[in-house]
Amino acid sequence: MKDLLRARTSLKEEIEILLNNQVKMEAEASAKYLAMASWCDRNGFKHSAKYFMHQSDEERTHMLKIFNYLMTVGGTAISPEISGVKQEYPTFKSVFETALQSEIAVTQSINRIVTAARKEEDYATENFLQWFVSEQIEEEDNARRAIELFDVIGEDGTGLYVIDKAIGKIGSEE
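Residues numbered from 1 in each chain as written. Predicted model: local features only at pLDDT ≥ 70, side-chain atom pairs only at ≥ 80, totals over all residues. Heavy atoms only, no water.

**Comments concerning the overall build of the protein chain**
Each helix and strand counted, the protein chain has six helices and zero strands in total. Secondary structure of the protein chain in N-to-C order comes out as α-α-α-α-α-α. For the C-alpha atoms alone, the extent of the protein chain along its principal axes is close to 65 × 30 × 20 Å. Across the 174 residues that make up the protein chain, the buried fraction comes to 43%. (Helix = DSSP H or I, 4+ residues; strand = E, 2+ residues; numbered from the N terminus. Buried < 20%, exposed > 50% of the residue type's maximum accessible area, 1.4 Å probe, protein only.)

Here it is in structure tokens:
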């Protein structure tokens, strides 16, 4: 039966596995951002909570985009299990450092899938992933800009309040 199903798609099994791993990574990122939103909310950073809620929605959209692609090309899309999401952070800045690390990991993962698709001459998947390549440039830039606010504004006095307000504007200035 598996051979028959594999014959119904030009998608190579290795690429399908990588794409399903990316679905899980995007779902994990969405869950992380929800936890970050909750942490920010509990600690009085309302603008940052809203920012992370938006980021969570974006990651879920990315997950669904890949999930739908897998189904469209005749692959098997696997709904991911998510557990062990970190709920606590030592500092406000550490939340954003974790977000940047996550975005860098997503970029590296997307790049690995593009490389594998190119190697397998899977031009449809490579083309599909170009949107994600471009999206990750923006995602990493936004995460870096948030961290830079801590250095530019400083964390003393009203600095954290000013940073929280400024984070609410990231991504909407274009």
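Once you've had a look at it, read on.
**Brief notes about unusual backbone geometry**
Located in the positive-phi region is Glu-121, a residue other than glycine, with phi close to 55°. Counting through the fold element by element, Glu-121 comes out in the loop between α4 (92-119) and α5 (123-153).

**Digging into the UniProt feature "binding site: Fe cation" (unreviewed entry) in the protein chain**
In the numbering adopted here, UniProt assigns the feature "binding site: Fe cation" (unreviewed entry) to Glu-26, Glu-59, His-62, Glu-103 and Gln-136. Taken together, the annotated residues stretch across 111 residues yet fold into one region, lying no more than 12.6 Å apart by C-alpha. Residues that both appear in the annotated list above and line the largest cavity are Glu-103. Topologically, Glu-59 is positioned in helix α3 (residues 46-72). The exposure class assigned to Glu-59 is buried, which follows from its relative accessible area of 0%. (UniProt positions renumbered as here; feature names shortened; annotations may be inferred. 1 Å grid on protein atoms, 1.4 Å probe; cavity = no way out; pocket = protein on both sides within 12 Å on 5 of 7 lines; lining within 4 Å.)

**Regarding the environment of Trp-131**
Tracing the backbone through its elements, the reader meets Trp-131 in helix α5. Judged by its relative accessible area of 36%, Trp-131 is partly exposed. C-alpha separation for the pair Trp-131 and Val-85, spaced 46 residues apart in sequence, amounts to 27 Å.

**Here we look at the nonpolar core**
Within the largest apolar cluster, 23 residues are counted, with the highest numbers of intra-cluster contacts made by Cys-40, Phe-52, Phe-92, Val-95, Phe-96 and Ile-167. Elements that contribute at least two residues to this core include exactly α2 (13-42), α3, α4, α5 and α6 (159-167). Those residues in contact with Phe-96 that sit more than four places away from it in its chain are Ser-48, Tyr-51, Phe-52, Ala-146, Ile-147, Phe-150 and Ile-167. (Core = buried A, V, L, I, M, F, W, Y, C linked by side-chain atoms within 4.5 Å. Contact = heavy atoms within 4.5 Å.)

**Notes on the packing of aromatic side chains**
Counted under the stated rule, the structure contains 13 aromatic pairs. Ring geometry for Trp-39 against Phe-45: centres 6.3 Å apart, planes inclined by 15°, an arrangement best described as stacked. In this pair, the class of Trp-39 matches that of Phe-45, namely buried. Between Phe-45 and Phe-92 the ring centres are 3.6 Å apart and the planes differ by 5°, which places this aromatic pair in the stacked class. Here Phe-45 is found in the loop between α2 and α3, whereas its partner Phe-92 is found in helix α4, with 47 residues between them in sequence. Assessed through its relative accessible area of 12%, Phe-45 is described here as buried. On the accessibility criterion, Phe-92 (4% relative accessible area) is buried. Among the aromatic residues, ring-to-ring pairing joins Tyr-33, Trp-39, Phe-45, Tyr-51, Phe-52, Tyr-89, Phe-92, Phe-96 and Phe-150 into one connected group. In this structure, Lys-65 is placed above the aromatic ring of Trp-131, and the distance from its NZ or CZ to the ring centre is 3.6 Å. (Phe/Tyr/Trp six-rings, centres within 6.5 Å; stacked < 30°, edge-to-face > 60°. Lys NZ or Arg CZ within 6 Å of the ring centre and 35° of its normal.)

**A short note on the pattern of salt bridges**
According to the stated counting rule, one finds five salt bridges in the structure shown. With its nearest N and O atoms 2.6 Å apart, the salt bridge here joins Glu-126 to Arg-118. Using a relative accessible area of 13% as the deciding quantity, one classes Glu-126 as buried. Of the charged contacts, one joins Arg-144 and Glu-140 as a salt bridge, the two residues approaching to 3.2 Å between their closest N and O atoms. Taken as a pair, Arg-144 and Glu-140 lie in helix α5 at a separation of four residues, close to a single helical turn. For Arg-144, a relative accessible area of 35% puts it in the partly exposed group. With a relative accessible area of 15%, Glu-140 lands in the buried category. (Salt bridge = Lys/Arg side-chain N within 4 Å of Asp/Glu carboxyl O.)

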